[in-house]
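Letter by letter, the chains look like this.
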Amino acid sequence: MMPRMGPPSSSKQEPTMFMSFRNPQWPANFINRDNVLDYFCNQGNVFYEMNSCNQQIKMQNITNRSVDECLRNMQGIQYVLWYSQPPLYIVCKQRRNNATNVSPIAYYYVINGSVHQAPDMHTLVQSRLLGALEPLRNAFGEVTNYSRYNTAKGYYWEFKNKPSMKKKEEEKKEEDERKLEERSTNFQKTRTLMLLNQLFTEMPADEALEKIDVEEEEDPKPEEAPSTTSAGEPKFAEPAARATTK
């Protein structure tokens with residue numbers, strides 16, 4: 001087994017959370033799960049340590065065995081493919097203590113040819129807390145402006161300069177109307193109004209309603225039942241052109 005390598009250089013100790021790496025010589029659509037480690041293990045990559053086990057394998061030019069098989073028999077810093085779902089690849093930086101014991105150190109994701117470091121739990125929680133504390137700090141600062149103290153009353157609130165909710169709604173409504181007016185030109189507004197007036201002139205709404213009411217009031221005449229003679233035979237009315245007088 002290869003001896004365990006020493007600690008990384010001081011240049012690698014710098015924070016790399018906001019750094020990224022991209023190799024312009026590799027088209028992003030050429031990266032797949034078979035060569036993503038070759039893309040990651042680049043000397044220009046700020047996340048890659050030159051004293052890692054992967055670099056030793058590259059320097060020794062071992063081709064008779066796979067990289068995973070070689071890494072299992074080595075100890076030290078290693079980079080392995082953790083997850084693959086093109087175009088997203090996750091590379092794990094780990095320290096191998098023996099053939100069955102590894103300790104993850106960091107995770108990096110490669111997406112569309114760009115390499116970024118995934119945030120750890122501490123950084124993620126810290127970012128969320130800072131994002132939640134900033135609005136709270138602004139809210140407390142706003143509230144203290146309306147706090148008053150009187151020796152007779154004690155502490156109380158005074159919102160004289162605060163606009164009412166009704167006034168805010170009216171201002172918002174006026175702003176929305178102003179935005180809608182800005183979207184249309186004067187020609188569009190006058191042309192639309194002219195067309196609407198012309199349609200109302202040609203087809204008044206009152207006449208249409210009157211026609212509907214008249215049609216509803218007129219009921220269809222019921223058909224006359226055929227008359228019968230004394231003999232019980234039905235007698236039908238003849239057409240006016242063929243009618244004869246007795």
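Below you will find a few notes about this structure. (Residues numbered from 1 in each chain as written. Predicted model: local features only at pLDDT ≥ 70, side-chain atom pairs only at ≥ 80, totals over all residues. Heavy atoms only, no water.)

1. Some details on the environment of Asn45
For the record, the criterion: The secondary structure listing takes helices from DSSP runs of H or I that are at least 4 residues long and strands from runs of E that are at least 2 residues long, numbered from the N terminus. The buried label goes to any residue with under 20% of its type's maximum accessible area, the exposed label to any with over 50%, and the partly exposed label to all in between, with areas taken from a 1.4 Å probe on protein chains only.
Position of Asn45 relative to the elements: it lies in the loop between helix H1 (36-40) and helix H2 (53-60). Exposure remark for Asn45: the relative accessible area of 1% places this residue in the buried category. For Asn45 and Met19, which are 26 residues apart along the polypeptide, the C-alpha to C-alpha distance reads 9.9 Å.

2. A closer look at the side chain of Gln94
Counted only if it meets this: Any pair of residues with heavy atoms lying within 4.5 Å of one another is described as a contacting pair.
By the element assignment, Gln94 lies in strand E3 (residues 88-96). With a relative accessible area of 6%, Gln94 lands in the buried category. In this view, Gln94 contacts Gly76, Ile77, Gln78, Val80, Val102, Ser103, Pro104 and Ile105; residues no more than four positions away in its chain are not counted.

3. Observations concerning the pattern of salt bridges
The line we're drawing: Within this document, salt bridges are pairs made up of a side-chain nitrogen of Lys or Arg and a carboxyl oxygen of Asp or Glu, the two lying within 4 Å of each other.
Tallying each qualifying case throughout the model produces two salt bridges. Residues Glu49 and Lys93 are paired through a salt bridge, measuring 2.6 Å at the closest nitrogen-oxygen approach. Of the two residues, Glu49 sits in the loop between H1 and H2 while Lys93 sits in strand E3, which places them 44 residues apart along the sequence. The burial state of Glu49 is the same as that of Lys93; both residues are buried. A salt bridge links Arg137 to Glu134; its shortest N-O distance comes to 2.7 Å. Of the two residues, Arg137 and Glu134 are both situated in helix H4 (residues 121-144); the distance of three residues between them amounts to about one turn of the helix. The class of Arg137 is exposed, set by a relative accessible area of 51%. With relative accessibility at 40%, the residue Glu134 sits in the partly exposed group.

4. Quick word on a negative patch on the surface
The cut-off we apply is this: Nonpolar side chains (Val, Leu, Ile, Met, Phe, Trp, Tyr) within 5 Å and like charges within 9 Å form the patches, drawn only from residues with over 30% relative accessible area and no salt bridge. Method for areas: the Shrake-Rupley scheme with a 1.4 Å probe, in which residue coverage is limited to the protein chains shown. Positive charge is attributed to Lys and Arg, negative charge to Asp and Glu, and no charge count is given to His or to the chain ends. Charged side chains are reduced to one point each, which is NZ for Lys, CZ for Arg, CG for Asp and CD for Glu.
Residues Glu169, Glu170, Glu171, Glu174, Asp176 and Glu177 make up a contiguous surface patch of negative charge. Within the element layout of this structure, Asp176 appears in helix H5 (residues 165-183).

5. Examining the sheet that holds strand E2 (residues 76-85)
Note the cut-off: Only strands joined by at least two bridges in the DSSP assignment are considered to pair. Between N-to-C directions, angles span 0 to 180 degrees; the directions come from axes that are lines fitted to C-alpha atoms, helices contributing only their stretch in contact.
Spatially, E1-E5-E4-E3-E2 is the arrangement adopted by the five strands of the open sheet, whose pairing is antiparallel. The sheet terminates laterally at strand E1 (20-22) and E2, the two strands that pair on one side only. Across this sheet, the average inter-strand angle for adjacent strands is 25°, counted without regard to direction.

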